[in-house]
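# Residue-level structural notes
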Protein chains: 2
Amino acid sequence: MNGEFIPVSQTIANRISDMIFLDKKYMPGSKLPNEYDLSSELGVSRASLREAIKILAAKGVLVIKRGSGTFVCESLDENDDIYGMKYLEDKKKLVKHWFEFRLILEPKSARLAAENADEKQIEEICFMSERIIELIKNGKPFTKEDQQFHALIAKATKNDVIKLTMPSIESAVSDAIQTSSKTGHSEKSNENALLYHPSIARFIKYRDGDGAEMAMRFHILRGLKDLE
Amino acid sequence: MNGEFIPVSQTIANRISDMIFLDKKYMPGSKLPNEYDLSSELGVSRASLREAIKILAAKGVLVIKRGSGTFVCESLDENDDIYGMKYLEDKKKLVKHWFEFRLILEPKSARLAAENADEKQIEEICFMSERIIELIKNGKPFTKEDQQFHALIAKATKNDVIKLTMPSIESAVSDAIQTSSKTGHSEKSNENALLYHPSIARFIKYRDGDGAEMAMRFHILRGLKDLE
DNA sequence: ATTTATAATTTGTCATACAACTTTTAATTG
DNA sequence: CAATTAAAAGTTGTATGACAAATTATAAAT
């Protein structure tokens, strides 16, 4: 029943991340204590600590040098990985940046989708649009479906980079999105979806690149405006 | 001396990735053998296998369910992570998609940089532009510096999402870029950099958003054209 | 047939030992 | 004294074994 189980390895990975990004106990390039010391300091076995370190190394936060030590990635402020986004101070600003980013990318994606989508994908996009409308009418949450709607459009561009990038960044800012969405602007969000989703879907269906780009642009502009 | 040492955990992580993305031995949602069987099948200890699994779980490829098993992430084709980009068949197509993506994002980034960069960042951008020119004149490689040039512009937008996204995606497609750059179009690449980098830097320096956007657009269009 | 209890399966964690590599220190040598 | 070489100390890599904790499958009881 417990879906909230978190392994020690993950807990330790989070604690080390906090020490780096929040406490700034270990700066980029600096060396962590060796595995024996750090594991005893954190009160876990060396095996569990090693798994935690592997997690952070996979995310580009740590760099492991055999025989030498484990270090905080030097280019961590430059920055090599979107992992640190979770630790950015100003969540509100991050959400705004997220919308600005989408304002650049998604209108063009909508155009590409209108030009390149196959019939099946168009069907899926239209279906998801209608499903979201149903959910809103019944007063149910539609966050997940909204993301899927935009993901389907990204997929329909037939551009692998766009397709694979969008969800990745979305998950990186999901914390901030969740935080800011608690400050409740659900009615506005409803209106925005009801107003623009069908238009976007229709423009894509009728292969109108200009229309799709414009509709998506207004859709995201509206979302950006509703942040305040 | 050996900088090419690869831990077993990483080797095994790669082999499992290959089994998933190349051999399609394990499809999304399907279950991996238990850790005892899989470790003996792969000829490594359970501890090393576990570290490999943690790496892939961190990248969103695997999902671990305690007491139940380890599974290939269901939404792996949808897709949750850009990790799978390395395994896309057509490297040439991926590089083209990468340029198309940049063609959308970077001209706007250049505009934002022109509008928002502080003096220090402008100085860095101009410096990097001149440094690349020096390298080209001396016949030296400048791939790394070229990436830094674009990364500096991304950073100067003052948009955290743009700043953190660019390098992340770049590293994901680095394999394909490296492969395709071996087919040699270095002279064209030289010309392109020599022609446009200084213009872009100058437009940003003089706060000309329109100019910066246009110059960057032509710069990437030229790169896209040179792919063929 | 349904519920309950048991067993089997599987991941989680810890402890220990040794191997392999890197860095530091000390000794040797010219 | 300086430079080279050898030893030692420090650190990550790997393997093995044992038990805990959660889930799933099986069997028993009602």
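The structure displayed is predicted, hence computed values, not measured ones. (Residues numbered from 1 in each chain as written. Chains lettered and ligands numbered in written order. Predicted model: local features only at pLDDT ≥ 70, side-chain atom pairs only at ≥ 80, totals over all residues. Heavy atoms only, no water.)

### Observations regarding the protein's contact with DNA strand D
- Taken together, 28 residues lie around DNA strand D, and A:Asn34, A:Tyr36, A:Arg46, A:Arg50 and B:Val8 are the ones closest in.
- Atoms of DNA strand D within 4 Å of the protein belong to the sugar or the phosphate in 73% of instances, the rest to bases.
- At a separation of 3.2 Å, a phosphate oxygen of DNA strand D approaches a polar backbone atom of A:Thr70.
- B:Val8 places a polar main-chain atom, nitrogen or oxygen, 2.5 Å from a phosphate oxygen of DNA strand D.
- Going through the elements one at a time, helix H2 (35–42), helix H3 (46–58), strand E1 (62–65) and strand E2 (69–72) of chain A together with helix H1 (8–21) and helix H3 (46–58) of chain B are the ones with two or more residues in the surface near DNA strand D.
- Broken down by element, the surface near DNA strand D gets its largest block of residues, three residues, from H3(B).
- For the surface near DNA strand D, the residue count by class is nine nonpolar, 11 polar and eight charged. (Near = heavy atom within 4 Å. Polar contact = N/O pair within 3.5 Å; in protein donor to acceptor, adjacent residues only side chain to side chain. Helix = DSSP H or I, 4+ residues; strand = E, 2+ residues; numbered from the N terminus. Nonpolar A, V, L, I, M, F, W, Y, C, P; charged D, E, K, R; others polar.)

### Looking at the interface of chain B and chain A
- Taken together, the contacts link 41 residues of chain B with 40 residues of chain A.
- Interface of chain B and chain A: buried area, both sides summed, is about 3,600 Å²; carbon and sulfur atoms make up 65% of it.
- Contact with chain A buries surface across chain B, with B:Ile104, B:Val161 and B:Leu164 losing the most and accounting together for 18% of the total.
- One can count two salt bridges joining chain B with chain A.
- A salt bridge links B:Arg50 to A:Glu51, with the nearest nitrogen and oxygen atoms 2.7 Å apart.
- At the boundary of chain B and chain A, one finds 14 residue pairs in polar contact (both at pLDDT 80 or more).
- Sorting the residues of the side of chain B that touches chain A by element identifies H3, helix H4 (91–116) and helix H7 (160–172) of chain B as the ones contributing at least two each.
- At 10 residues, the largest contribution of residues to the side of chain B that touches chain A is made by H4(B).
- Among the residues forming the side of chain B that touches chain A, the class breakdown is 19 nonpolar, six polar and 16 charged. (Contact = heavy atoms within 4.5 Å. Buried area = accessible area lost by both parts, 1.4 Å probe. Salt bridge = Lys/Arg side-chain N within 4 Å of Asp/Glu carboxyl O.)

Such coordinate-based values are descriptive only and should not be taken to indicate function.
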